[in-house]
Amino acid sequence: MERKNTILLTVIAIATLLVAVVGATFAYFTASTNVKTPTGANANITTNKLEGANITFTADKNFDLLDYPGGIGVYGSKATIAKQNDGDNNDYESTFNLKIEYNNGTNTDMQWELWMVESEYDELEAEKTSICKFREERNGETGETQYWYSDDTSQEATEDTGCTATNIINKLQNQLSGKKIANGVFKAGQNKTIDKNTTGDELVKGVGLDDRKINTNNMPSKYYYLVIKYPNENKNQSTLDAGKTFTASLSVDGTPASTLYKAAD
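Let me sum up the structure you'll find in this document. Not measured: the values here are computed from a predicted model. (Residues numbered from 1 in each chain as written. Predicted model: local features only at pLDDT ≥ 70, side-chain atom pairs only at ≥ 80, totals over all residues. Heavy atoms only, no water.)

Describing unusual backbone geometry
With the exception of glycine, most residues fall at negative phi, and the peptide bonds are largely trans.
So, point 1. The phi torsion at A165 lies on the positive side, around 65 degrees, for a residue other than glycine.
So, point 2. For D211, which is not glycine, the phi torsion reads 60 degrees and is therefore positive.
So, point 3. Mapped onto the elements, D211 comes out in the loop between β13 (190-194) and β14 (212-215).
So, point 4. With relative accessibility at 41%, the residue D211 sits in the partly exposed group. (Helix = DSSP H or I, 4+ residues; strand = E, 2+ residues; numbered from the N terminus. Buried < 20%, exposed > 50% of the residue type's maximum accessible area, 1.4 Å probe, protein only.)

So, in structure tokens, the structure goes:
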């Protein structure tokens, strides 16, 4: 008889205001997935001396295989800057910092990477790029059926650590010329904020979460992809995370700064 254990996972990709909510339930024995993508929100960029541009954060395409252990998720968002007036010959730049807030109620450390792509000349197409596949295996001793995700179909459930997202990361880096600006760990049983000042393995800075820039002259948009991996570490310990919750959010840390990038001739 198959045991029914459920874990609730919610991944939230936001920038200034909520732009994407991804929800899933996952466990070895039962799961369902629900995805919601609200519309994006505009935040005016202003300073005491300068007005003239809007910055917009919206949800990009999401890819979710986090309904069972070993799975991965890719959650995209887009930052865009545009002039308020079409006839304005000045150019403007926005500078902002990012932060990640997470609440990992599970007993499993979640691995994450944050990638930035400066142009979308080729789409990520994570679903087509990924080799992460659903798997199931019946345990002859217990009679239970185990469900999980894996890149390598040659491994048994008790040996398989789950999907690696290698193909997706290779495409972000090599085909889309993306940069990994940060990576780290969402610690099991922790409720924390990761920002530019975070130390330890929760944040390995890379390029960094701070001093992100877009401008109306030659860099009007950037894409951010949060890649999350749920390791299949517990193997047969299927009840360890049952009923637990996990949330994570990507947002702008504070108010974006605005400066004149290039004055009209």
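A short note on the state of the cysteines
So, point 1. For the coordinates displayed, the defined rule picks out 1 disulfide.
So, point 2. Two residues share a disulfide in this structure: C132 and C163, whose sulfurs sit 2.0 Å from each other. The sign of the S-S torsion, about 85 degrees, decides the handedness of the disulfide formed by C132 and C163: right-handed. Of this pair, C132 sits in the loop between α1 (126-129) and β10 (133-138) while C163 sits in the loop between β11 (145-150) and α2 (166-175), and the two are 31 residues apart along the sequence.
So, point 3. Residue class for C163 comes out buried when judged on its relative accessible area of 8%. (Disulfide = S-S within 2.5 Å.)

Here's the deal with the nonpolar core
So, point 1. Ranked by internal contacts, the top residues of the largest apolar core, which has 31 residues, are F96, L98, W112, L114, F186, I194 and Y224.
So, point 2. Only β5 (51-64), β6 (72-83), β7 (91-96), β8 (98-104), β9 (110-117), β12 (179-186), β15 (221-229) and β16 (245-252) provide two or more residues apiece to this core.
So, point 3. Beyond its immediate stretch of four places on either side in the chain, Y224 contacts Y75, G76, S77, A79, F96, L98, L114, W115, M116, I181, R212 and L250. (Core = buried A, V, L, I, M, F, W, Y, C linked by side-chain atoms within 4.5 Å. Contact = heavy atoms within 4.5 Å.)

Describing the side chain of D64
So, point 1. Among the secondary structure elements, D64 is positioned in strand β5.
So, point 2. The exposure class of D64 is buried, given its relative accessible area of 19%.
So, point 3. Polar contacts involving the side chain of D64 include one to the side chain of Y75, which spans 3.0 Å. (Polar contact = N/O pair within 3.5 Å; in protein donor to acceptor, adjacent residues only side chain to side chain.)

Describing the pairing of β11
Moving residue by residue along a regular strand, the side chains alternate between the two faces of the sheet.
So, point 1. Of all the 6 residues making up β11, 6 are buried; the element is thus mostly covered by neighbouring parts of the structure.
So, point 2. The alternating pattern of β11 places T145, Y147 and Y149 on one face and Q146, W148 and S150 on the opposite face, and all of these are buried.
So, point 3. Two strands pair when backbone bridges link them, and β10 and β11 are joined in this way by 6 bridges, in the antiparallel orientation. Across the sheet, the residue bridging to E137 is Q146, located in β11. (Pairing = 2+ DSSP bridges.)

Looking at the packing of aromatic side chains
The description of an aromatic ring pair rests on the distance of the ring centres and on the angle between the ring planes.
So, point 1. Using the criterion set out here, one finds 3 aromatic pairs in the structure.
So, point 2. Measuring from ring centre to ring centre gives 4.9 Å for Y102 and F186, while their planes differ by 40 degrees; the resulting arrangement is tilted. With Y102 in strand β8 and F186 in strand β12, this residue pair connects regions lying 84 residues apart in the sequence.
So, point 3. Y102 gets classed as buried once you look at its relative accessible area, which sits at 1%.
So, point 4. Judged by centre distance (6.1 Å) and plane angle (70 degrees), the rings of F134 and Y149 are edge-to-face. (Phe/Tyr/Trp six-rings, centres within 6.5 Å; stacked < 30°, edge-to-face > 60°.)

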